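Examining the three-dimensional arrangement
For reference, the chains in residue letters:
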Amino acid sequence: MPYRAWFQCINEQCKAIYPLNSIIYRCKTCGSLLEVQHDMKALARRDAKAWMKLFEDRYKSTQWPYGSGVWGKKEWILPKIDDNNIVSLYEGGTNLFWAERFGKMIGIDNL
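Not measured: the values here are computed from a predicted model.

To continue, consider the overall build of the chain. When you go through the chain residue by residue, the secondary structure sums to four helices and three strands. Ordering the α and β elements of the chain from the N terminus gives β-β-β-α-α-α-α. Computed over its C-alpha atoms, the radius of gyration of the chain comes to 19 Å, more than 25% above the 13 Å expected for a compact globule of 111 residues. Oriented by its inertia axes, the alpha-carbon framework of the chain measures out at about 55 × 35 × 30 Å. The 111 residues of the chain split such that 31% are buried. Here the contacts in the chain between residues at least 6 apart in sequence split such that 37% fall between residues at least 24 apart. Per element, the accessible surface of the chain, about 8500 Å² overall, is 57% carbon and sulfur. Across the chain, the mean location of the 16 positive side-chain charges is 3 Å away from that of the 12 negative side-chain charges.

What follows covers the environment of P79. Tracing the chain through its elements places P79 in the loop between α3 (74-77) and α4 (100-106). We classify P79 as buried; its relative accessible area is 16%. Along the chain, P79 and W6 lie 73 residues apart, while their C-alpha atoms are 10.0 Å from each other. In this structure P79 touches Y3, R4, A5 and K74, once residues within four positions along its chain are discounted.

Once that is clear, we can look at the pairing of strand β1 (residues 5-9). Of all five residues in β1, five are buried; the element is thus mostly enclosed. In β1, alternate side chains face the same way, and those of A5, F7 and C9 on one face and W6 and Q8 on the other are all buried. As paired elements, β1 and strand β3 (residues 34-38) share five bridges and run antiparallel to each other. Within the sheet, the bridge partner assigned to W6 lies in β3 and is Q37. Alignment of β1 against strand β2 (residues 17-19), held across three bridges, turns out to be antiparallel. By the bridge assignment for β2, Q8 is matched with I17.

About the thresholds
- Residues numbered from 1 in each chain as written.
- Predicted model: local features only at pLDDT ≥ 70, side-chain atom pairs only at ≥ 80, totals over all residues.
- Heavy atoms only, no water.
- Helix = DSSP H or I, 4+ residues; strand = E, 2+ residues; numbered from the N terminus.
- Rg over C-alpha atoms; globule rule 2.2 N^0.38 Å.
- Buried < 20%, exposed > 50% of the residue type's maximum accessible area, 1.4 Å probe, protein only.
- Contact = heavy atoms within 4.5 Å.
- Areas by Shrake-Rupley, 256 points an atom, 1.4 Å probe, with all protein chains shown as cover.
- Lys, Arg positive; Asp, Glu negative; His and termini not counted.
- Charge placed at Lys NZ, Arg CZ, Asp CG, Glu CD.
- Pairing = 2+ DSSP bridges.

This is the structure in structure tokens:
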């Protein structure tokens, strides 16, 4: 199932398209900002429950690169990147802890 994503100009009259691996900040044609677009029809071929199951199965796994909180959703991030080109330290998925004592020190009751 080929997923695609690209940069697209936000200017309705322009809509220029650039590959995601381009180092580009503004449209070369009109100078407008760009946004990431995804092939929503391809993503919709898998229903919400199937996406949730896929992401849950990958979460904190040891299968490269899917154990990362970012790359576990590769299809939604940068679908065409080769796994060998991903740099990751398995970021994401870090627990948040109460900091009650620190909160009291800085005057916040529920930190």
